[in-house]
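Structural features, examined
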Amino acid sequence: MQNALLAPVAALAISWLWFLARGKARGGTKRLALRGTLFAVIGGLIAAGERRGVFLRASLGFKLALLLALLTVAVGYLYLIRFCDACGRMERALKTVRCKRCQALLPLNGMTAKLRNDSTPSEQPRSARSARRKNG
Ligand SMILES: [Zn+2]
């Protein structure tokens, strides 16, 4: 029974992840979807551990440390993974400035909808500028 359920559940999870990565939806919508997914995964992990008795003999400190570690990973993902506001493409490299699909500016990080300013000095090659200063 459980094995029969595994394949469709896995297929569903994969198509959901595909939608998050490539599907066309508004960036804000997908940001919320990613948040929901991450917290559902964490909740699922904790529930699975509970059912197997992982936490029966664990101390409160261990449980809190585990929760903190899971939350750190979740927040890290939320910060790192950005969605294009225009077409919803997922971008995991924090250095990328523009969407690879529609060339729209990407948000600064995954926690904000604020767009990167095209003229921010961080985009100019700093090494080139300092080299010029040294030579001139
Ligand atoms: Zn885009």
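Refer to the structure printed above.
Everything numeric here is computed off the predicted structure, so don't read it as measured data.

Examining the overall build of the protein chain
Counting its secondary structure elements, the protein chain contains four helices and two strands. For the protein chain, the sequential pattern of α-helices and β-strands runs α-α-α-β-β-α. Contacts in the protein chain between residues far apart in sequence, at least 24 positions, make up 44% of those at least 6 positions apart.

Quick look at helix H2 (residues 27-51)
For an α-helix, 3.6 residues make a turn, and residues three or four places apart therefore share a direction. Taking 1.5 Å per residue, 25 residues should reach 36 Å; H2 reaches 36 Å between its end C-alpha atoms and fits that length. Every buried residue of H2 is listed here: Gly 27, Lys 30 and Arg 31. Gly 53 sits one or two positions beyond H2 and adopts a positive phi of about 80°.

Re unusual backbone geometry
Phi at Gln 103 takes a positive value of approximately 65°, unusual for a residue other than glycine. Tracing the chain through its elements places Gln 103 in the loop between strand E2 (90-91) and helix H4 (126-135).

Remarks on the packing of H2 against helix H3 (residues 60-80)
It is the contact of H2 with H3, at a shortest axis distance of 10 Å, that shows an interaxial angle of 160°. The orientation of H2 with respect to H3, classified from their angle, is roughly antiparallel. In the packing of H2 onto H3, the handedness of the crossing is right-handed. Between H2 and H3, the contacting residues are Leu 34, Arg 35, Leu 38, Phe 39 and Ile 42 on the first element and Leu 70, Ala 74, Tyr 77 and Leu 78 on the second.

What about the environment of Arg 26?
With respect to the secondary-structure elements, Arg 26 resides in the loop between helix H1 (2-22) and H2. With 14 C-beta atoms counted inside 10 Å, the residue Arg 26 sits in the partly exposed group. Sequence separation between Arg 26 and Arg 89 is 63 residues, and the spatial gap between their C-alpha atoms is 9.2 Å.

Some points on the environment of Gln 103
With 11 C-beta atoms packed within 10 Å, Gln 103 lands in the exposed category. The sequence separation of Gln 103 and Ala 86 amounts to 17 residues, and the corresponding C-alpha distance is 9.2 Å.

Definitions and limits used
Residues numbered from 1 in each chain as written. Predicted model: local features only at pLDDT ≥ 70, side-chain atom pairs only at ≥ 80, totals over all residues. Helix = DSSP H or I, 4+ residues; strand = E, 2+ residues; numbered from the N terminus. Contact = placed C-beta atoms within 7 Å. Expected span 1.5 Å × (residues − 1). Buried ≥ 20, exposed ≤ 12 C-beta atoms within 10 Å, placed from the backbone. Axes fitted to C-alpha atoms, helices over the stretch in contact; angles between N-to-C directions. Parallel < 35°, antiparallel > 145°, perpendicular 65-115°, else oblique. Left-handed = near helix turned anticlockwise from the far one by under 90°.

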